[in-house]
Amino acid sequence: MRIDVLTLFPGAFGGTLDTSILGRARAAGLFTVHFTDIRDFATDKHRSVDDYPFGGGQGMVMRADVLDAALSHAVALAGEPPTVVALTPQGEVLTDALVRELAKQPRLVLVCGRYEGMDERFLEHRVDREISIGDYVLTGGELPAMVLIDSVARHIPGVLGDEQSPEDESFADGLLEHPQYTRPAEYNGWEVPSVLLGGNHAAIEAWRAEQRLERTRARRPGGAAARLLARVHSRSCSRCCNGAALRSCRANVCW
Ligand SMILES: C[S@@+](CC[C@H](N)C(=O)[O-])C[C@H]1O[C@@H](n2cnc3c(N)ncnc32)[C@H](O)[C@@H]1O
């Protein structure tokens, strides 16, 4: 996969993209990241990339003409037509499903905003998707772009070294992962659940399955998680309540 990033601060990405799994994956050529400095496309002597908002108000807005020129330059750097993503707090919220969809694209262009954001005409005419990393506001799109790159890269074959790994994580099937423990088995009076130490793999799997359901029910109640839990229950919970009404589940994993 090729990722182009349009930013006013290319230097902000170094530590994250050069370190550990992402650094190794890039060095191995599993994905590449290329930067376009938006300021290089300013046309006035002050190299301005922003201007006052029409209609008044606080702050400055990134200019559509400068963004347009920077994007055209980045798109032309490779033959593959990209999916153009603008990071904005008003976009669709990044989820595991969206990450997986983006990971299938051969090429992404990520546009990072600053100040009060980007002129709406650029978003309307040049951007395929607006994506937010959550309902809060950051000072710029660089951290969101790094979040997106990290989450997408994990789904590129070879990046994690083990193709199965993303499928064992939280959200892969809509459920949260079970809790994890490692040595020492007892520390400071804090004990590991005894089932994990007994070597009974069937019992361990059953315990983990119940933990996943219970955690998801407690930490992600309602909406899609509730529907998924009901489905998982009807498929796999006959052991505890034998297909009885959800509310009567004896293992207390249903509601
Ligand atoms: C201060 S924010 C602009 C916020 C905008 N005025 C608003 O109220 O919707 C500046 C830039 O940071 C980035 N940004 C901030 N929060 C974000 C979020 N939650 N997800 C994605 N990008 C975000 C975007 O690129 C945005 O253009």
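Owing to the predicted nature of the structure, the values given are computational and were not obtained by experimental measurement.

(A) Spatial organisation of the site of the ligand. Looking at the ligand, there are 20 residues lining it, with Pro89, Gly113, Gly117, Gly141 and Pro144 nearest. If one sorts the elements of the shell around the ligand by residue count, strand 5 (residues 83-93) sits on top with 4 residues. Residue classes in the shell around the ligand are distributed as 9 nonpolar, 9 polar and 2 charged.

(B) Spatial organisation of the nonpolar core. By size, the foremost hydrophobic cluster in this structure holds 42 residues, and its most contacted members are Leu6, Leu67, Val85, Val109, Leu110 and Val111. By residue number, the principal contributor to this core is helix 6 (residues 142-153), which donates 6 residues. Apart from residues no more than four positions distant in its own chain, Val109 is found in contact with Asp4, Leu6, Leu71, Ala74, Val75, Pro82, Val84 and Val85.

(C) Layout of the environment of Pro82. Mapped onto the secondary structure, Pro82 falls in the loop between helix 3 (64-76) and strand 5. When the 20 C-beta atoms within 10 Å are taken as the criterion, Pro82 is described as buried.

(D) Here's a closer look at the environment of Asp173. Among the secondary structure elements, Asp173 is positioned in the loop between helix 6 and strand 8 (186-187). For the pair Asp173 and Asp96, spaced 77 residues apart in sequence, the C-alpha separation works out to 9.6 Å.

(E) Spatial organisation of the environment of Ala172. Its place among the elements puts Ala172 in the loop between helix 6 and strand 8. Given 14 C-beta atoms within 10 Å, Ala172 falls into the partly exposed group. Taking the C-alpha atoms as reference points, Ala172 and Asp96, 76 residues apart in sequence, are found 7.2 Å from one another. Apart from the residues lying within four places of it in its own chain, the contact partners of Ala172 are Asp96, Pro166 and Glu167.

(F) Structural detail: the sheet that holds strand 2 (residues 32-37). What the 5 strands build is an open sheet, ordered 2-1-6-5-7; its pairing is parallel. One side of each edge strand has no neighbouring strand; the edge strands of this open sheet are strand 2 and strand 7 (129-132). Averaged over all pairs of adjacent strands, the angle between their axes in this sheet comes to 35°, without regard to strand direction. Taken together, the 5 bridges between strand 5 and strand 7 define a ladder with parallel strand orientation. Looking at strand 7, one finds that Val93 is bridged to Ser132. Along the sheet, helix 3 contacts strand 1 (2-7), strand 2, strand 5 and strand 6 (107-112); its crossing angle with strand 6, the most-contacted strand, is approximately 155°.

(G) View of helix 7 (residues 201-219). Here helix 7 spans 26 Å end to end across 19 residues, near enough to the 27 Å set by a 1.5 Å rise per residue. All buried positions along helix 7 are accounted for by Arg212, Leu213 and Thr216. The buried residues of helix 7 occupy an angular sector of 90° when projected down its axis, which confines them to one face. Across from the buried face of helix 7, at angles greater than 90 degrees, the exposed residues are Ala203, Ala218 and Arg219.

The rules behind the values
Residues numbered from 1 in each chain as written. Predicted model: local features only at pLDDT ≥ 70, side-chain atom pairs only at ≥ 80, totals over all residues. Near = placed C-beta within 6 Å. Helix = DSSP H or I, 4+ residues; strand = E, 2+ residues; numbered from the N terminus. Nonpolar A, V, L, I, M, F, W, Y, C, P; charged D, E, K, R; others polar. Core = buried A, V, L, I, M, F, W, Y, C linked by C-beta atoms within 7 Å. Buried ≥ 20, exposed ≤ 12 C-beta atoms within 10 Å, placed from the backbone. Contact = placed C-beta atoms within 7 Å. Pairing = 2+ DSSP bridges. Axes fitted to C-alpha atoms, helices over the stretch in contact; angles between N-to-C directions. Expected span 1.5 Å × (residues − 1). Arc of directions from axis to C-beta.

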